[in-house]
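# Descriptive structure summary
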Amino acid sequence: MHDSDSLGIVSPQRMHFDSPLSLRSGAVLDSFELTYETYGELNPAKSNAVLICHALSGSHHVAGVYADNPKSTGWWNNMIGPGKPIDTRRFFVIGINNLGGCHGSTGPISINSKTGKRYGPDFPLVTTGDWAETYARFADRLGIDCFAAVIGGSLGGMSALQLALDAPERVRHTIVIAAAAKLTAQNIAFNDVARQAILTDPDFYGGDYYSHGTFPRRGLRLARMLGHITYLSDDSMASKFGRELRNGTFAFNFGVEFQIESYLRYQGDKFADQFDANTYLLMTKALDYFDPAQDCDGDLQAAFARAQADFLVLSFSSDWRFSPERSRTIVKALVASKRNVSYAEIPSSHGHDSFLMKDDYYHQLMRAYMHNISI
Amino acid sequence: MMTNEVSHTQLPSRPDYDAIAAWIKPESRVLDLGCGDGSLLRHLKNQLNVHGYGIEIDTQNILACFENGINVIHSDLESGLSGFGDDSFDYVILSQTLQAMKNTEKIILEMLRVGKQGIVSFPNFGYWKNRLQVFSGRMPISRCLPYEWYNTPNIHLCTLHDFEQLCHQLQVNILEQRVMNGERKMVLLPNLFGMLAFYRFSREPKTG
């Protein structure tokens, strides 16, 4: 079926930055590159730019499809395109692969010009604050003083929030979806189990698996399987798989018996084929470190005092990884900081992953909010 | 810059909105509980440049608020206003929703915790046409009470006297009262001739 509101063929671009970037960790990157995609046209006033921040395993490839691979549809293609809620006929939409990523921007798999080898474990850990700085530098290069909107789900929502706090004058609207103001002990615990799976894989070699010609595939696969459970809801797993057996009866062995096992292993395998383990480690740490209230003695309202943007916060009823209650915490602090903010909890059975899915009410809300953004 | 803001077309006349707007100072902070499609807040924003938020639980109303370009927060009023700090608003409005609340006392006290003043409007059950229908042996159905007894969301109907007595019990100070019948303000025997009642109240003792 012809998708008339799809962007069609898109292609990534690269931008090189020569001035050193001082990271929150104290490390300095002398130069770096960002891989990005844009959709739509930047208007002469440069007032219609929308930045999409990606989540843990996302990339700059947000919408459209690559010419050489018809299966390469962008991860938020249902939301972005001509006539879609984030309408590329009105907005100039930008997707950037975060620094430390494995889809083209400088990261652990990139060649370190100082050594001529891949960074591997030498690539510094980065934070949402570091990303915010790279977004700002990127905007400067395109002459965009202020984004009409910065939008993201999950870690992407946190990155959007971080930019709105670190560079308030650069953001008019912030849309924070299925996110939280910081990770809980439980969230961090899940991330650490995922990291331990990778770090203890015999093929990990302290992160220098590239030069050993190995890949910590088992570890990354396990990490993703664990993560994937937290992205779904108990109900959606029950309705999709239940206790269904692949072969109808118990086999009394450790092979794949239940459908859910088959599904999770498939997801783990697929992910391990296309993602870098060091980037996975780095992204989970960026999540753990996110805590904008930290500089204000834990007072989120005080942290939000410097924001100038208007906010839209969205959550999903069945999301237990970043539950609606976590979004309400953000909303409460934004109201107390006298920011314009709207909040909706979207009924959904798909858990945390709901933010990626097409849902009438969700898309209607996004469409209505985007429509009222002046450009 | 090109703008694509919500058009401020002339809305149909809403005397009840005007009655509330007359009590609100320009530029104030307003919380509208059960804000529906956001049209009251939009009215107040356009007329008085208030900074406001609406609270709503119905998804289609929330979407309408988005379309109206007003701040709306998805929340259940019955569980209180825990998302809002003490004294964070100049006015907290409960427009034609009081009679549909389960926790009537709690919401009035919550209004005065987060707001300096509260404003409520509700259909006056003591309106003569309502009394007449009850007297003739039927539950009243009217412009303000359009539902059948079996499908009405209005579970806590009251008269002006009833509401004033509750305020007294809760040590809430009534600052101002207005009773309307359509566009007309009723002064004579309001509990008999008034269809819609409006009250402005506060925690503080009345001064001046």
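As the structure is a prediction and not an experimental result, all values here were calculated from the model.

## Notes on the packing of helix α4 (residues 217-231) of chain A against helix α6 (residues 259-274) of chain A
Residues and elements named next belong to chain A. As a packed pair, α4 and α6 sit with axes 8 Å apart at the nearest point and diverge in direction by 125°. By the angle class used here, α4 and α6 are oblique. In the crossing of α4 with α6, the sense of the turn from one axis to the other is right-handed. Contacts between α4 and α6 pair Arg217, Leu220, Arg221, Arg224, Met225, His228 and Ile229 from the former with Tyr263, Leu264, Arg265, Gln267, Gly268, Asp269, Phe271, Ala272 and Asp273 from the latter.

## Looking at the UniProt feature "active site" (unreviewed entry) in chain A
All names here are of chain A. As annotated by UniProt and renumbered to match this structure, "active site" (unreviewed entry) occupies Ser154, Asp319 and His352. Spatial clustering of the annotated residues is evident: they stretch over 199 residues in sequence, but the largest pairwise C-alpha distance comes to 10.7 Å. Note on placement: Ser154 falls in the loop between β11 (149-153) and α2 (155-166). Excluding residues within four positions of it along the chain, Ser154 makes contact with Ala55, Ile177, Ala178, Ala179, Phe322, His352 and Phe355. Note on placement: His352 falls in the loop between β14 (341-346) and α10 (360-371). For His352, a relative accessible area of 2% corresponds to the buried category.

## Quick word on the domain arrangement of chain A
Residue and element names in this part refer to chain A. Assigned domains within chain A: domain 1 (13-182 + 290-372) and domain 2 (187-284). Of the residues lining the interface, 30 residues belong to domain 1; the matching set on domain 2 comes to 24 residues. Summing both partners gives a buried area of about 2,200 Å² for domain 1 against domain 2, and 64% of it is carried by carbon and sulfur. Taken as a group, Leu56, Trp320 and Arg321 account for 31% of the area that domain 1 buries against domain 2, more than any other trio of residues on that side. Across the contact surface, domain 1 and domain 2 share zero salt bridges. Between the two partners, domain 1 and domain 2, sit ten residue pairs in polar contact (both at pLDDT 80 or more).

So, how was this worked out
Residues numbered from 1 in each chain as written. Chains lettered and ligands numbered in written order. Predicted model: local features only at pLDDT ≥ 70, side-chain atom pairs only at ≥ 80, totals over all residues. Heavy atoms only, no water. Axes fitted to C-alpha atoms, helices over the stretch in contact; angles between N-to-C directions. Helix = DSSP H or I, 4+ residues; strand = E, 2+ residues; numbered from the N terminus. Parallel < 35°, antiparallel > 145°, perpendicular 65-115°, else oblique. Left-handed = near helix turned anticlockwise from the far one by under 90°. Contact = heavy atoms within 4.5 Å. UniProt positions renumbered as here; feature names shortened; annotations may be inferred. Buried < 20%, exposed > 50% of the residue type's maximum accessible area, 1.4 Å probe, protein only. Domains from an automatic or database assignment. Buried area = accessible area lost by both parts, 1.4 Å probe. Salt bridge = Lys/Arg side-chain N within 4 Å of Asp/Glu carboxyl O. Polar contact = N/O pair within 3.5 Å; in protein donor to acceptor, adjacent residues only side chain to side chain.

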